[in-house]
Amino acid sequence: MNGRGTPTEERACYVYGIVPTGVDPSGLEGIGDPPARVGLVPHRGLAALVSAVVVNGPLGTAADLRAHARVLDTLVAHGPVLPMRFGGVVRDLGAVVDELLAPHEDAFLRALEDLRGTAQFTLRGAYEEEHVLRQVLADREDIARLHTDVAALPQEATYYERVRLGEMIALEIAARREADTLEALERLAPLAVAVKASPSADAPADRAVSASFLVGKGDWDAFGTAAEGLARRWAGRVGLRLLGPLAPYDFAGDAVEARRTEGAGRPWG
Amino acid sequence: MTVAQRPSHYLDRPSSSGLVDVIDLILDKGLVIDIYIRVSLVGIELLTIDARIVVASVDTYLRFAEAVNRLDLREDKTKGLPELVDDMRQGGARSKTRGALEGVKESVGEVIDRVKGDKEEEPERQERPRSRSRPPHKERES
């Protein structure tokens with residue numbers, strides 16, 4: 001990254017996120033091939049994490065996506081981070097200060113304070129296919145009956161029946177997803193400062209649960225243990241994966257919004 | 001990393017997020033820069049913006065129906081349900097259980113490959129879930 005004020009025509013400024021000043025980004029590899037060096041654009045108590053990006057090439061290779069997440073997730077272990085959504089590019093370093101940091105300085109600073117000492121943990125569960133299908137057939141007589149009917153006929157003769165059968169199975173699994181998500185939240189939410197469950201509507205077919213938790217550093221171990229307990233309880237039925245500590249992707253928006261709105265307090269209790 | 005990551009048979013705690021998880025986290029979430037920056041925002045082409053899978057689709061339903069049928073074949077020709085369930089507990093049936101749900105996961109990788117390999121594709125077409133035959137795509141560079 002060149003010094004400020006000297007962007008060349010084809011280069012611009014990719015923004016990863018916002019941190020308080022004092023963060024050391026040296027050694028972090030950014031987007032691009034070869035990976036760009038990540039630098040800071042400071043403004044009073046804030047700094048934007050940026051790297052140079054070529055404007056006339058598209059963004060978003062697998063390596064780019066991973067780099068964006070890696071930069072933010074590495075830094076959250078050391079202090080609060082406001083992660084930007086992937087793909088934010090600004091004309092030059094001056095504009096990062098004048099249009100991003102300076103006008104929203106107060107909201108960003110206060111949101112960072114609200115997030116200090118926390119990180120996001122994201123829990124993802126996927127049903128074991130064979131197990132869940134057998135359960136559905138065992139518990140739903142109507143589905144088992146339609147399934148027997150469909151199986152008795154040649155495949156070409158049962159297109160609509162097969163669609164209907166699959167739809168009924170998908171709906172039954174969706175009902176199980178709701179119940180399982182509820183159970184996961186009951187067990188883990190008490191250890192979190194804030195919780196966000198992904199909407200069930202756009203869940204992949206095999207999803208049992210997807211929820212993000214903002215957890216204070218002192219509770220990270222306890223949270224991991226509780227998630228482990230849930231995984232043991234669901235063993236053989238749901239494969240459970242815990243990501244984190246991550247940058248607060250699911251919570252930064254609310255944190256800043258709450259501070260931009262006059263008179264609003266912290267977005268969570 | 002300061003978190004004690006105890007070894008576990010049950011809970012998967014990857015040390016770095018997989019690509020599918022990364023996509024979920026950073027394409028839809030986080031601060032949207034457009035809210036703050038109007039004048040100097042650079043519109044840059046994003047390969048990944050529509051790399052999503054639609055799951056509530058006829059394709060998915062048919063895959064469920066096929067998967068449930070495969071369960072039957074296995075029961076009839078090999079052994080009864082209790083033995084199969086035992087097998088599953090021991091992980092013995094793992095290789096046999098690749099089916100509908102795996103197909104859904106696979107499509108994410110295919111979307112990404114396609115996004116990497118074919119920059120000209122229309123977003124509308126990228127939202128389709130993949131059928132089981134892999135579309136041809138260029139070899140990955142590097």
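Residues numbered from 1 in each chain as written. Chains lettered and ligands numbered in written order. Predicted model: local features only at pLDDT ≥ 70, side-chain atom pairs only at ≥ 80, totals over all residues.

1. Quick word on the pairing of strand β9 (residues 238-246) of chain A
Here comes step 1: For β9 of chain A, the buried fraction is high: seven of the nine residues fall into the buried class.
Here comes step 2: In terms of strand pairing, strand β6 (residues 118-127) of chain A meets β9 of chain A through seven bridges, oriented antiparallel. Looking at the pairing, T122 of chain A lines up with L243 of chain A of β9 of chain A.
Here comes step 3: Two elements, β9 of chain A and strand β1 (residues 11-12) of chain B, share two bridges in a ladder whose sense is parallel. (Buried ≥ 20, exposed ≤ 12 C-beta atoms within 10 Å, placed from the backbone. Helix = DSSP H or I, 4+ residues; strand = E, 2+ residues; numbered from the N terminus. Pairing = 2+ DSSP bridges.)

2. Observations regarding the sheet that holds strand β8 (residues 207-216) of chain A
Here comes step 1: Read across the open sheet, the five strands follow the order β7(A)-β8(A)-β6(A)-β9(A)-β1(B); overall the sheet is mixed. Edge positions in the sheet fall to β7 (194-197) of chain A together with β1 of chain B, since each has one partner strand and no second.
Here comes step 2: Against the sheet, helix α6 (residues 159-188) of chain A makes contact with β6, β7, β8 and β9 of chain A, and its axis sits at roughly 20° relative to β8 of chain A, the strand it touches most. (Contact = placed C-beta atoms within 7 Å. Axes fitted to C-alpha atoms, helices over the stretch in contact; angles between N-to-C directions.)

3. Some details on the confidence of the model for chain B
Residues and elements named next belong to chain B.
Here comes step 1: Taken over all residues, the pLDDT of chain B has a mean of 57, while the share at 70 or more is 35%.
Here comes step 2: Within the model, the stretch residues 49-57 combines pLDDT values under 50 with 24 contacts to residues more than four positions away or in other chains.
Here comes step 3: Of the regions scoring below 50 in pLDDT, residues 76-142 engages in 81 contacts with residues more than four places distant in sequence or in other chains.
Here comes step 4: Reported confidence for the predicted complex is 0.84 by ipTM and 0.76 by pTM. (pLDDT = per-residue confidence, 0-100.)

4. Focus on the pairing of strand β1 (residues 11-20) of chain A
Residues and elements named next belong to chain A.
Here comes step 1: Taken across its ten residues, β1 has eight buried, putting it largely inside the fold.
Here comes step 2: In the sheet, β1 pairs with strand β5 (residues 89-90) via two bridges, with the strands oriented antiparallel. Residue pairing for β5: Y14 is matched across the bridge by V89.
Here comes step 3: Taken together, the two bridges between β1 and strand β4 (residues 82-83) define a ladder with antiparallel strand orientation. The partner of G17 across the bridge, within β4, is P83.

5. Re helix α3 (residues 105-115) of chain A
All names here are of chain A.
Here comes step 1: Regarding α3, the residues found buried are F108, A111, L112, D114 and L115. End-on, the buried residues of α3 take up no more than an arc of 155°, which puts them together on one face.
Here comes step 2: Buried positions along α3 lie against β1, β3 (46-54), β4, β6 and α8 (252-260). (Arc of directions from axis to C-beta.)

6. Quick word on the packing of α3 of chain A against α8 of chain A
Packed helix pairs are characterised by how far apart their axes lie and by the angle those axes make with each other.
Residues and elements named next belong to chain A.
Here comes step 1: Two elements in contact, α3 and α8, have axes whose closest approach is 8 Å; the angle formed by their N-to-C orientations is 130°. Comparing their axes, α8 and α3 come out oblique. The two elements α3 and α8 meet at a crossing, and its hand is right-handed. Every residue of α8 that contacts α3 at A107, F108, R110, A111, D114 and L115 is listed here: A252, A255, V256, R259 and R260.
Here comes step 2: Partitioning the contact of α3 with α8 into residue classes produces seven nonpolar, no polar and four charged. (Parallel < 35°, antiparallel > 145°, perpendicular 65-115°, else oblique. Left-handed = near helix turned anticlockwise from the far one by under 90°. Nonpolar A, V, L, I, M, F, W, Y, C, P; charged D, E, K, R; others polar.)

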